[in-house]
Amino acid sequence: MSEAADAAGVAANLADIRRRIERAALEVGRPAGQVTLVAVSKTFGIGAVEAALAAGQTVFGENRVQEAQAKFPELRRRHPDLELHLIGPLQSNKTADAVALFDVIQSVDREKLARALAKEMARQGRRPRCFVQVNTGEEPQKAGITPAEAAAFVRLCRDELGLPVEGLMCIPPVDEAPAPHFGLLRRLAGDCGLTGLSMGMSADFEAAVQLGATHVRVGSAIFGRRSYP
Ligand SMILES: *Cc1c(COP(=O)(O)O)cnc(C)c1O
């Protein structure tokens, strides 16, 4: 578990990020209310999430199903308006758990998973909104559909399988300027008639907002530096 900033620190960080989102949006003539801040709480404990909730944050992101299962069912009972996003890779054998727990699944990245999600949503009668993850940098080690395959994959997910696809998501290569990747994701979403754009993290969310992000995923700038076992 990572050591989180204290509650006052989390509240101050959240206020700062919200201000910066608003400023970035206004600079390009966007209303700030169009941008959803997803607070990425992976590796941080329930106390850190509680501190963010107390500061008015209701949307959270986790990258592992098991970790989210350990933290969020209890938080949800106390905070029914909490919204939980899966932002990390989803194995097909965890699909049932993911559909049961998450409100949004941002990492739909292959046909096998899309089919498993469609089947599971029909079985559970629960329909988490979906984002298709695009590997904009075409990095071999990274999840996501290639830009060239994105339109056909969105058609499969949305039109054939009936998944509630809301937008596209990307994680640009760490060693490249992110803006071209954000621009590419926006173009691809436009081609597919999708309005949701999940892009931008602690280091680059302002650039993402200026290029049209509807969802920014911010972790360390809110909760502090992560440590992994
Ligand atoms: C961890 C993570 C983030 C948040 O990263 P920070 O740099 O801490 O803001 C955003 N998106 C994904 C997919 C992540 O795994």
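Reading the values: rules and limits
- Residues numbered from 1 in each chain as written.
- Predicted model: local features only at pLDDT ≥ 70, side-chain atom pairs only at ≥ 80, totals over all residues.
- Heavy atoms only, no water.
- Helix = DSSP H or I, 4+ residues; strand = E, 2+ residues; numbered from the N terminus.
- Expected span 1.5 Å × (residues − 1).
- UniProt positions renumbered as here; feature names shortened; annotations may be inferred.
- Salt bridge = Lys/Arg side-chain N within 4 Å of Asp/Glu carboxyl O.
- Buried < 20%, exposed > 50% of the residue type's maximum accessible area, 1.4 Å probe, protein only.
- Pairing = 2+ DSSP bridges.
- Right-handed = clockwise from strand over helix to strand, strands pointing away.

J.: Where do I start with helix 1 (residues 7-27) in this structure?
T.: Side chains of residues three or four places apart in an α-helix project in the same direction, reflecting 3.6 residues per turn. Counted at 1.5 Å a residue, the expected span for helix 1 with its 21 residues is 30 Å, and the 30 Å between its end C-alpha atoms agrees. Of the residues trailing helix 1, Gly29 is marked for its positive phi of about 75°.

J.: I keep staring at the UniProt feature "domain: Alanine racemase N-terminal" (unreviewed entry) in the chain and nothing clicks. Help me out?
T.: With numbering aligned to this structure, UniProt lists the feature "domain: Alanine racemase N-terminal" (unreviewed entry) at residues 13-225. The annotated region residues 13-225 carries 46% helix and 17% strand content, and the separation between its end C-alpha atoms amounts to 13 Å.

J.: Even after reading the chapter, I still don't get the pattern of salt bridges, so can you show me in this structure?
T.: Close approach of charged atoms allows side chains with opposite charge to pair. Taken as a whole and judged by the stated rule, the model has 15 salt bridges. For Arg115, the salt bridge is made with Glu111, and the minimal N-O distance between the two is 2.9 Å. Taken together, the positions of Arg115 and Glu111, both in helix 5 (residues 111-124) and four residues apart, correspond to about one turn of that helix. Accessibility expressed as a relative area gives 41% for Glu111, which makes it partly exposed.

J.: Can you help me understand the pairing of strand 3 (residues 83-86) in this one?
T.: One face of the sheet, then the other: side chains in a regular strand alternate in exactly this way. Judged from the four bridges that link them, strand 2 (residues 59-62) and strand 3 form a sheet pairing that is parallel. Note on strand 3: the bridge partner recorded for Gly61 is His85. Traced from strand 2 through helix 3 (residues 65-78) to strand 3, the parallel crossover comes out right-handed. Across two bridges, strand 3 lies against strand 4 (residues 104-108) in parallel orientation. Along strand 4, the bridge assignment pairs His85 with Val104. This β-α-β element, strand 3 to helix 4 (residues 95-101) to strand 4, shows right-handed connectivity.

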